[in-house]
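# Coordinates in review
Letter by letter, the chains look like this.
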Amino acid sequence: MANIVAIGIQWGDEGKGKIVDLLAPEMDVVARFQGGPNAGHTLVIGGEKTVLHLVPSGILHEGVLCLIGNGTVVTPSTIAEEMDALLAAGVPVAERLRISDRCHLILPWHRALDAAREAARGKARIGTTGRGIGPAYEDKTARRGIRLIDLLADDLDARIGEQLDWTNFLLREYFHAPEVSRAEVDAELAIARERLLPLMADVSQLLHERHEAGAAMLFEGAQGVMLDVDFGTYPFVTSSNTVSGAALAGLGVGPAMIDEVLGICKAYTTRVGAGPFPTELYNADGMEDPAGRHLAEKGSEFGATTGRPRRTGWFDAVVVRHAVRVAGVTGLAVTKLDVLDGLPEVKLCVAYERDGERLTHIPADARALDACRPVYETLPGWSESTYGVTDPARLPANARALLARIEEVCGCPVRMLSTGPDRGHICRFPG
Ligand code: GDP
Ligand code: IMO
Ligand code: MG
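These notes cover the structure that comes with them. (Residues numbered from 1 in each chain as written. Chains lettered and ligands numbered in written order. Predicted model: local features only at pLDDT ≥ 70, side-chain atom pairs only at ≥ 80, totals over all residues. Heavy atoms only, no water.)

### Thoughts on the sheet that holds strand E12 (residues 269–271)
In a beta sheet, neighbouring strands pair by backbone hydrogen bonds and run either parallel or antiparallel. If you trace the three strands from one edge of the open sheet to the other, you get E12-E14-E13, paired in antiparallel fashion. Strand pairing shows two members of the sheet lacking a second neighbour, E12 and strand E13 (280–282), which therefore form its edges. For this sheet, the mean angle separating the axes of adjacent strands, direction not counted, is 40°. Where E12 meets strand E14 (residues 311–313), three bridges bridge the pair, whose relative direction is antiparallel. By the bridge assignment, Thr-270 is partnered in E14 with Thr-312. (Pairing = 2+ DSSP bridges. Helix = DSSP H or I, 4+ residues; strand = E, 2+ residues; numbered from the N terminus. Axes fitted to C-alpha atoms, helices over the stretch in contact; angles between N-to-C directions.)

Structure follows, in structure tokens:
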């Protein structure tokens, strides 16, 4: 069986949760390798919705081992809440889930720093999810983070005290923000001890054992390539690598263990939070365009983690081509095609124009990308409904033409097409 890395290749929220849940029955293992509770992955089964932030999207399937790898940053209380909700829905989550001993914990001071930094940035804020992601990865890289395994260390108390003193100094003296109490930190650590320690494992070891036994594995990305700390629209990005390569370091596996990279993208583009977005048409701050409004409304474009309205725009093939290259994408899963139903025409951005020059790649400087204007190709739309279509032959000719053009301009074959939020709303095109 092939091992697959499934990642978002726009600005997140491409429908990764749906695609991973759908592929999970063909898998023995589903593992998250980066990001944290900034992710919000939605699964819809028979109309019933489940939103997951840290628990891998294979959790609803019996016999699928779900792993949270060392590359993720975890908030103990968020995992506990997700586990409780799943248990209440009859999912024996503790049997199916294991968490890496090397995972870094997000503690209350990380959230306080995230909020304080964003407030201090004012208009220049990144628009983070406020989940403490950036500060937790900073601590990891600075070699002062607290890992799950550290809950068993005898110097934990002293380390917590030192970090809390330092953070509270920053919060009080520099940011003039409320301090974090020791009681708050202790409450989070108690949850980690009670709920996470029993699930602690050496995830890399587990993966290698399963691999040797012939298991099929799916590595589930969070966010999207344009939010990657190196290849995204820096500094308007998240604090981890989101490209397929992050799966290796985030799980402790080698490149030979990856056979395919599935790049998940919407048939249009959305973004939540600040930063450049060349094909943007519509946002809650007053940018108004009928097609953009159609995408936002028909696509119900609100963040699964923060509930914030998402900015919407046309499909950007420059973005997708960039992602295909930097993440070695071998096949596309195009989602939300049904949202385009009823639009008289559909546009694809095939290049940018800046200062009279034509660009076919993403510039490294976010300001340069911000100055880019999209060069569009216009294709005819369709009036028929594609909602829930599972047979490619039933797609309107214009929808098929759009997919063919996406394959051409992105240089990558479309392997899956999602036509609605439910698990069953899918067309597959085997290679
Ligand atoms: P993720 O973060 O990549 O897992 O994506 P989110 O769950 O944040 O956002 C995707 C949203 O689109 C969710 O509400 C899904 O239920 C929904 N969705 C996924 N695929 C489709 C689709 O093909 N059509 C429609 N209409 N909705 C979809
Ligand atoms: P999923 O996995 C969409 C965005 C935030 C902000 C930037 C930095 O559901 O696709 P952070 O809290 O990570 O420091 O925020 O990244 N962002 C996401 N946008 N989907 C996500 O996850 C995101 N995770 C972070 O909005 O712009
Ligand atoms: Mg999401």
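Here the narrative resumes.
### Focus on the sheet that holds strand E16 (residues 331–335)
The mixed open sheet is built from 10 strands, whose spatial order is E9-E7-E5-E2-E10-E1-E11-E16-E20-E21. In the strand order of this sheet, the two ends are held by strand E9 (200–201) and strand E21 (426–428), each with one partner. Across two bridges, strand E7 (residues 97–100) lies against E9 in parallel orientation. Across the sheet, residue Ser-100 finds its bridge partner in E9, namely Ala-201.

### Considerations on the site of ligand 1
The local shell around ligand 1 holds 19 residues, among which Gly-15, Lys-16, Thr-42, Asp-338 and Ser-418 are the closest. Here Asp-13 contributes a side-chain N or O atom positioned 2.9 Å from an oxygen atom of ligand 1. Interatomic distance of 3.1 Å between a backbone N/O atom of Gly-420 and an oxygen atom of ligand 1. Going through the elements one at a time, helix H1 (16–23) and strand E3 (41–45) are the ones with two or more residues in the shell around ligand 1. Here the shell around ligand 1 is composed, by residue class, of four nonpolar, eight polar and seven charged. Two domains each donate at least three residues to the shell around ligand 1, and these are domain 1 (4–100 + 199–262) and domain 3 (266–327 + 334–410). (Near = heavy atom within 4 Å. Polar contact = N/O pair within 3.5 Å; in protein donor to acceptor, adjacent residues only side chain to side chain. Nonpolar A, V, L, I, M, F, W, Y, C, P; charged D, E, K, R; others polar. Domains from an automatic or database assignment.)

### Considerations on the nonpolar core
Residues Ile-9, Leu-207, Phe-219, Leu-332, Leu-337, Leu-340 and Leu-402 are the most contacted members of the largest nonpolar core, which totals 64 residues. Per-element accounting of this core gives the leading share, six residues, to helix H13 (residues 397–410). Shared between two domains, this core takes at least three residues from each, and those domains are domain 1 (4–100 + 199–262) and domain 3 (266–327 + 334–410). Ignoring any residue separated from it by four or fewer positions in sequence, one finds Leu-402 in contact with Leu-337, Leu-340, Val-346, Leu-348, Leu-379 and Trp-382. Counting residues in each nonpolar core, the second largest holds 55 residues, with Trp-109, Ala-112, Leu-156 and Leu-170 among its members. (Core = buried A, V, L, I, M, F, W, Y, C linked by side-chain atoms within 4.5 Å. Buried < 20%, exposed > 50% of the residue type's maximum accessible area, 1.4 Å probe, protein only. Contact = heavy atoms within 4.5 Å.)

### Observations concerning the side chain of His-61
Examined against the element boundaries, His-61 turns out to sit in the loop between strand E4 (48–52) and strand E5 (65–68). A polar atom in the side chain of His-61 sits 2.8 Å from the side chain of Asp-21. Once residues within four sequence positions are removed from consideration, His-61 is found in contact with Asp-21, Ala-24, Pro-25, Arg-96 and Arg-423.

### Quick look at the pairing of strand E1 (residues 4–8)
Each regular strand shows side chains that alternate between the opposite faces of the sheet. Here E1 lies mainly inside the structure; five of its five residues are buried. Every second residue of E1 is oriented toward a common face, with Ile-4, Ala-6 and Gly-8 on one face and Val-5 and Ile-7 on the other, all of them buried. Relative to strand E11 (residues 260–266), E1 runs parallel, the two sharing five bridges. Residue pairing for E11: Ala-6 is matched across the bridge by Leu-262.

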